[in-house]
Amino acid sequence: MSILEKDKEFVWHPFTHLKSEGENICIERAEGSYYYDDKGNKYIDAISSWWVNLHGHSHPHINLKLVQQIQKFEHTMFSGFTHQPAVELAERLLKHLPKNQNKIFYSDNGSTAVEVALKMALQFWENKGESKPLFIAFENAYHGDTFGGMSVGERNVFNNAFEKLLFEVVHIPLPNAENIGRLETELQTLVKNHSVAAFIFEPLVQGAGGMQMYEAKYLDKLIQICNKNKVITIADEVMTGFGRTGKFFASDYLQNKPDIICLSKGLTGGYMPLGVTSCSQFIYDAFVSDDKKKTFFHGHSYTGNPIACTAALASMDLMEEKRTWIGIDRIIKKHEFFLSKIKSHKAIKNVRQTGTILAIELNTTEHSHYLNNASEKIAEYFLKHGILIRPLGNVFYILPPYCISFGDLDFMYTRIEEFLAMS
Ligand SMILES: *Cc1c(COP(=O)(O)O)cnc(C)c1O
């Protein structure tokens, strides 16, 4: 059997409609912004490998650091034990995170980073002797696939089958110039009349919800209301972290800093699964007690894995280099220029940009939706032209690794224009 035949026989792929699953693309190697498959095709990775890659694939610096770490040791439990990569990474992250962040808690991925944040917020209030069971989140949010993550996320096809078991969450609309006044009043009433533990949000950009974007100044107002009413704020920066929005973290655009921040995806430069939940000192302090019942009983077998932390440290080396930020600024400027060029195209319903993320919402007869049939047509067109894109229904986006060349950006913009012309 070939790899692809065995793939069909033995493997169940994520988010995949099994009845219409086509032949998967078998990647043999990847370098910089390119993938190479087993048939000799080359693809530009326009979406940073499902939003995780920052500096390109198979980066020599990260590769070298990983090899060095593997030769020392690969794993230790993280309760009662510690190691240099995890400690150094915590120190390095805290240098870049907002100043109100003081502690780093490790887990394995974005969903667990969120799960940890939700549990921290709930137990914070329990430890204080107050029961606050309610969460507030945005409509259209995506916070991962665990039960906590699904609960605070938008109720949709992703979690319909589990809806009865999801806990209670109040979903409020994304803020904009028109609704912000009403939204402030609504939030104020909510936090006064209910026992709200926390408000969780994807700052500035909702990723899986279709790259919906909103302004920091409105989020600031909502965070302020939470601060005044003893509601913990949680920024899910799993997608927006590490330069994606043009600053190190999307929270850097905010005046009012979140109490808890979730990180994953770009954290290791796209090399290893790793999650981080950072928090303010006051959250941590609620778990410091003579009473053993106030312990945060949460951990994973791979918590603080040294290889994952080493990849993250090597990626941080690159994040701290000037040329990475030159790359980011160059993508932002080129996106801006391209956006202004296509923004009134008749095939486009809306085109938007935050930092290195450019999203195009197509006009379709169906409404904008993850299952919109435009998705397959878009993916197929770009794949045929050597560009790997994964649309969210009728919304497609480019979110490239920061090392992408001018030439490759221009090549993608040209293909997009051609696609729009025939849409
Ligand atoms: C991807 C994502 C998650 C889930 O991360 P996984 O590593 O896929 O579990 C959570 N929140 C946001 C904002 C994400 O984009």
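Residues numbered from 1 in each chain as written. Predicted model: local features only at pLDDT ≥ 70, side-chain atom pairs only at ≥ 80, totals over all residues. Heavy atoms only, no water.

A. Main features of the overall build of the protein chain. Looking only at helices and strands, the protein chain features 13 helices and 16 strands. Expected size for 423 residues packed as a compact globule is a radius of gyration near 22 Å; at 22 Å, the protein chain falls within 12% of this value. Here the C-alpha coordinates of the protein chain stretch approximately 65 × 55 × 45 Å along the principal axes. When each of the 423 residues of the protein chain is scored for burial, the buried share is 52%. Taking the contacts inside the protein chain whose residues are at least 6 apart along the sequence as the reference set, 70% of them involve residues at least 24 apart. Of the roughly 19,800 Å² of accessible surface on the protein chain, a fraction of 54% belongs to carbon and sulfur atoms. Positive and negative charge centroids in the protein chain, built from 44 and 48 side chains respectively, lie 4 Å apart. (Helix = DSSP H or I, 4+ residues; strand = E, 2+ residues; numbered from the N terminus. Rg over C-alpha atoms; globule rule 2.2 N^0.38 Å. Buried < 20%, exposed > 50% of the residue type's maximum accessible area, 1.4 Å probe, protein only. Contact = heavy atoms within 4.5 Å. Areas by Shrake-Rupley, 256 points an atom, 1.4 Å probe, with all protein chains shown as cover. Lys, Arg positive; Asp, Glu negative; His and termini not counted. Charge placed at Lys NZ, Arg CZ, Asp CG, Glu CD.)

B. Representation of the sheet that holds strand 13 (residues 348-354) within the structure. In space, the three strands of this open sheet follow the order 13-14-16, with antiparallel pairing throughout. The open sheet is flanked by strand 13 and strand 16 (395-398), the only strands paired with a single partner. Adjacent strand axes in the sheet meet at a mean angle of 15° when their direction is disregarded. Two elements, strand 14 (residues 357-362) and strand 16, share four bridges in a ladder whose sense is antiparallel. Bridge pairing in strand 16 links Ala359 to Tyr397. Against the sheet, helix 11 (residues 322-342) contacts strand 13, strand 14 and strand 16, and its axis sits at roughly 160° relative to strand 13. (Pairing = 2+ DSSP bridges. Axes fitted to C-alpha atoms, helices over the stretch in contact; angles between N-to-C directions.)

C. The site of the ligand, seen in detail. Residues in contact with the ligand, as listed here, are Trp51, Asn109, Gly110, Ser111, Tyr142, His143, Gly144, Glu202, Asp236, Val238, Met239 and Lys265. With respect to the ligand, the side chain of Lys265 contributes an N or O atom lying 2.7 Å from an oxygen atom. Burial of the ligand by the protein chains amounts to 83% of its free accessible area of 380 Å². Of the residues that constitute the shell around the ligand, the class distribution is four nonpolar, five polar and three charged. (Near = heavy atom within 4 Å. Polar contact = N/O pair within 3.5 Å; in protein donor to acceptor, adjacent residues only side chain to side chain. Nonpolar A, V, L, I, M, F, W, Y, C, P; charged D, E, K, R; others polar.)

As far as function goes, none of this settles anything; it's purely spatial.
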